[in-house]
Amino acid sequence: MQAEPDTGPVYSVADLGAAGTPDPGGLPPGVWFEPQDDARDAHVLPETAAVFGVNADTRARAYRAMAGKPLHRVGVFRVAGGQIVGRGLVATRGGVLLAGAAITATPGTFSLYPWGALLTCRQDGCLVPKRPGMVRRRIDGPAILGICPGYLIYGHILVDWLPRILLAAGLTGPDVPVIVPAALPGYARELLAMLGIDPGRLIAVDETREIVSVDELIVGGQVRAASHWWPGAARLLRPLLGQAEAGADLPRRFYVTRGQVSNQRRRLLNRDAVDAALHRRGFQPVAPETLPLARQLALFARAECVVGESGSGLHNSVFGTPGLRVGVLQADTLGSFLQASLCGALDQPVAFAFGASPSLTPIANYGDFLVDPEALQAMLDHVARDRPD
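What you see is a predicted model, and the numbers here were worked out from it, not measured in a lab.

Right, let's talk about the overall build of the protein for a bit. Looking only at helices and strands, the protein has nine helices and 20 strands in total. Within the span of the protein, comprising 389 residues, buried residues form 55% of the whole. The contacts of the protein with a sequence gap of at least 6 include a subset with a gap of at least 24, amounting to 74%. Entry remark: accessible area of the protein is about 16300 Å², with carbon and sulfur atoms responsible for 52%.

Written out as structure tokens, the structure is:
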């Protein structure tokens, strides 16, 4: 019987790929890294992005500072005899490989959700998986790891989760199975099928109840670090456009609204005024999540100008053409420029209108916000290339 995962140092997928091909001595035993990126992908944020609204100067300076930083090295990890011990966690022969976010554990504490529910941290800094009532399972041969953070939210599936599976699948045969969470949404399975990963290749695992041993686990490296997104991920997603509907009846200028999203955070408090202003400029409101996937693809593939609240729906810009103009409405408390990186991968001009948050939630990134009418008009003048009647 294979030894249970026990203890060991913590290795991060992002950290291991941070400085090019890692030195063999820096990898856990039984883990190999195959880089997939190239020099043209070193800097993944456009040099500039138009910024309007609250604290625009501060945000513009923050953006320029981010734009000058390269992304970590992107590639695929092969793990001999790896064991899946949680969401984005793989126990190796020499430690625990963090296949999710780059995080730091300190002795005695490990609070970052969801890993804290599955691991404890010893005084020497090593992680120990908690295993009360866990069921053991074995998968023979190679398999691709699809149990990584982000699989429950459309935007994260699109820009984080799906590219990592495709990255790993590019180095394997067409019959290598993909280990996916049992709770994977149906639309994620549909996206995989549209990209040629047959449902018969999927092996569902409940990572909260099962520890899974795999002869060779193939782990796609992270394709994003905060606001920096690897442009190669866009190339991996583009084949989805072959599944788009004709869409001749769809608008070419529209507004991606989050008004129909239940349990939403970062609510736009003056939505009615913003909707009215966008309507006057010829933008039709669209809720992408209400459309079939093939219809969503067609909507963005034929778009000329899109404005939207920062979030999953607007991330569909990765299916737009080069030159698509994108305007982003975003809370000042949300310091992410991820949408700029997504647009930069396809040469799509982007502008931001930051709105003030009158009150903060316990997690500042989730604060509700108000978009100033003048900032909105300035942003629209920039991306729509027209003037109101």
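Let's pick the thread back up.
Those residues of helix H4 (residues 186-194) that sit buried are Ala-188, Leu-191, Leu-192 and Met-194. Along the axis of H4, the buried residues cluster in a sector spanning 165°; they form a single face. Residues of H4 that are buried make contact with helix H3 (154-169), strand S12 (202-205) and helix H7 (293-301). Two residues or fewer after H4 comes Gly-196, characterised by a positive phi angle close to 95°.

Let us look at the packing of aromatic side chains. Counting across every chain of the model gives seven aromatic pairs. Each ring, one from Phe-33 and one from Phe-77, has its centre 4.7 Å from the other, and the planes form 45°; the classification is tilted. Residue Phe-33 is located in strand S2 (residues 31-35), and its partner Phe-77 is located in strand S4 (residues 75-80); the two are separated by 44 residues in the primary sequence. Phe-33 sits in the buried class, given a relative accessible area of 9%. Ring geometry for Phe-352 and Phe-354: centres 5.8 Å apart, planes at 10°, overall stacked. Pairwise contacts between aromatic rings join Tyr-63, Phe-337, Phe-352 and Phe-354 into one cluster.

So, on to the pattern of salt bridges. What the rule picks out here adds up to 13 salt bridges. Between Glu-34 and Arg-78 there is a salt bridge whose closest N-O contact spans 2.5 Å. Here Arg-78 lies in strand S4 and Glu-34 lies in strand S2, a separation of 44 residues in the sequence. Within the structure, one salt-bridge network assembled from shared partners comprises Glu-34, Arg-78 and Glu-216.

Let us look at the packing of H3 against H4. Between H3 and H4, whose axes approach to 11 Å, the crossing angle comes to 40°. Our classification of the angle between H3 and H4 gives oblique. Of the two possible hands of crossing, H3 and H4 adopt the one that is right-handed. Counted together, Tyr-154, Ile-157, Trp-161, Leu-162 and Ile-165 of H3 and Tyr-187, Ala-188, Leu-191 and Leu-192 of H4 form the full contact between these two elements.

Right, let's get into the nonpolar core. Counting 86 residues, the largest nonpolar core has Trp-161, Ile-179, Leu-217, Trp-229, Leu-237 and Phe-319 as the members making the most contacts within it. Top element by residues in this core is H3. It accounts for 11 residues. Apart from the residues within four sequence positions on either side, Phe-319 is in contact with Tyr-154, Leu-158, Leu-237, Arg-238, Leu-240, Leu-241, Leu-297, Phe-300 and Ala-301. Grouped together as the second largest cluster of nonpolar side chains are 20 residues, Leu-278, Cys-305, Ala-353 and Leu-380 included.

Strand-to-strand pairing in sheets goes through backbone hydrogen bonds, with the strands running parallel or antiparallel. Strand order in this open sheet of six strands is S3-S20-S19-S18-S16-S17, and the pairing throughout is parallel. Edge strands, defined here as strands with exactly one partner in the open sheet, are strand S3 (50-53) and strand S17 (284-286). Each strand axis lies, on average, 20° off the axis of its neighbour in the sheet, ignoring direction. Direction of pairing for strand S19 (residues 325-331) relative to strand S20 (residues 350-355): parallel, over a ladder of six bridges. What sits directly across from Leu-329, in S20, is Ala-353. Here helix H2 (residues 56-67) sits on the sheet in contact with S3 and S20, set at roughly 155° to S3. Contacts from helix H6 (residues 271-280) reach strand S16 (253-256), strand S18 (305-309) and S19 within the one sheet, and its direction differs from that of S16 by about 170°.

Below, the discussion takes up unusual backbone geometry. Residues other than glycine seldom take positive phi values, yet Asn-55 does so here, at roughly 50°. By secondary structure assignment, the location of Asn-55 is in the loop between S3 and H2. The backbone phi angle of Asp-347 is positive, close to 55°, even though this residue is not glycine. Residue placement: Asp-347 occurs in the loop between helix H8 (338-344) and S20. The class for Asp-347 is exposed, based on a relative accessible area of 62%.

Across the nine residues that make up H7, a large majority, eight, are buried. Looking only at H7, the buried set comprises Leu-293, Ala-294, Arg-295, Gln-296, Leu-297, Ala-298, Leu-299 and Phe-300. Against the buried residues of H7 lie H3, H4, S16, S17 and S18.

Criteria and cut-off values
Residues numbered from 1 in each chain as written. Predicted model: local features only at pLDDT ≥ 70, side-chain atom pairs only at ≥ 80, totals over all residues. Heavy atoms only, no water. Helix = DSSP H or I, 4+ residues; strand = E, 2+ residues; numbered from the N terminus. Buried < 20%, exposed > 50% of the residue type's maximum accessible area, 1.4 Å probe, protein only. Contact = heavy atoms within 4.5 Å. Areas by Shrake-Rupley, 256 points an atom, 1.4 Å probe, with all protein chains shown as cover. Arc of directions from axis to C-beta. Phe/Tyr/Trp six-rings, centres within 6.5 Å; stacked < 30°, edge-to-face > 60°. Salt bridge = Lys/Arg side-chain N within 4 Å of Asp/Glu carboxyl O. Axes fitted to C-alpha atoms, helices over the stretch in contact; angles between N-to-C directions. Parallel < 35°, antiparallel > 145°, perpendicular 65-115°, else oblique. Left-handed = near helix turned anticlockwise from the far one by under 90°. Core = buried A, V, L, I, M, F, W, Y, C linked by side-chain atoms within 4.5 Å. Pairing = 2+ DSSP bridges.

By themselves these figures say nothing about function.
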